[in-house]
Amino acid sequence: MTSTSGTFLKPLGASAALVALGWAAWRWAATGMPMTPLPGSPWPYLATWGALCLAGCLLLRWATARRGAEGTDYVVGVLAFAGVRLSLAHRPELPLLWTYAAVALAAGAVAAGLLWWRTPRRA
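Here goes a summary of the coordinates provided. (Residues numbered from 1 in each chain as written. Predicted model: local features only at pLDDT ≥ 70, side-chain atom pairs only at ≥ 80, totals over all residues. Heavy atoms only, no water.)

## Description of the overall build of the protein chain
Check the secondary structure of the protein chain and you find four helices and zero strands. Partitioning the intrachain contacts of the protein chain with sequence separation of at least 6 by distance along the chain shows that 83% fall at a separation of at least 24. For the protein chain, the accessible area works out to roughly 7700 Å², and carbon and sulfur atoms hold 73% of it. (Helix = DSSP H or I, 4+ residues; strand = E, 2+ residues; numbered from the N terminus. Contact = heavy atoms within 4.5 Å. Areas by Shrake-Rupley, 256 points an atom, 1.4 Å probe, with all protein chains shown as cover.)

## With respect to a nonpolar patch on the surface
On the surface, Phe8, Leu9 and Leu12 cluster together into a nonpolar patch covering about 310 Å² of accessible area. Structurally, the position occupied by Leu9 is in helix 1 (residues 4–29). Of the residues examined, Leu9 reaches a relative accessible area of 56% and is grouped as exposed. (Patch = residues over 30% accessible without salt bridge, like charges linked within 9 Å, V, L, I, M, F, W, Y side chains within 5 Å. Salt bridge = Lys/Arg side-chain N within 4 Å of Asp/Glu carboxyl O. Buried < 20%, exposed > 50% of the residue type's maximum accessible area, 1.4 Å probe, protein only.)

## A short note on the environment of Thr48
Mapped onto the elements, Thr48 comes out in helix 2 (residues 43–63). Apart from residues no more than four positions distant in its own chain, Thr48 is found in contact with Leu94, Leu97 and Trp98. Reaching out from Thr48, the side chain makes a polar contact with the backbone oxygen of Pro44 at a distance of 2.7 Å. (Polar contact = N/O pair within 3.5 Å; in protein donor to acceptor, adjacent residues only side chain to side chain.)

## Observations concerning helix 2
For helix 2, spanning 21 residues, the distance from its first C-alpha to its last is 30 Å, which sits close to the expected 30 Å at 1.5 Å a residue. When we look at burial in helix 2, the residues that qualify are Tyr45, Leu46, Thr48, Trp49, Gly50, Leu52, Cys53, Gly56, Cys57, Leu59, Arg61 and Ala63. (Expected span 1.5 Å × (residues − 1).)

## Focus on the state of the cysteines
A full pass over the atoms with the stated rule returns zero disulfides. With no disulfide of its own, Cys53 lies 4.0 Å from the sulfur of Cys57, the closest cysteine sulfur. (Disulfide = S-S within 2.5 Å.)

## Some points on the side chain of Ser87
As for its placement among the helices and strands, Ser87 is situated in helix 3 (residues 72–90). Beyond its immediate stretch of four places on either side in the chain, Ser87 contacts Tyr45, Trp49, Pro92 and Leu97.

What follows is the structure, given as structure tokens:
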């Protein structure tokens, strides 16, 4: 089982890496290859996806704590990076993005709760 600091450091690291990669992808896309972003600041979208990645990683870690699944942060990071690229290319309204994210996290929380509930407990 991981330590308490490892429980929070890995998701923070995954979120920071997501924001850094998202910013690098936005800068690279500014050259016109392969997806030209719309004008404007990328930071509201990067901050949104960084927060969602952190919440998703923490939720996934909580759900898999008893089974000891390693590498689950990468799954959330890859999905969040795909969301960053789409958000920077199409620029949806931020309240709409947060609404969809809240619904996705709620569904993930229900699935994680069911997974946790079904996991056998050790005394």
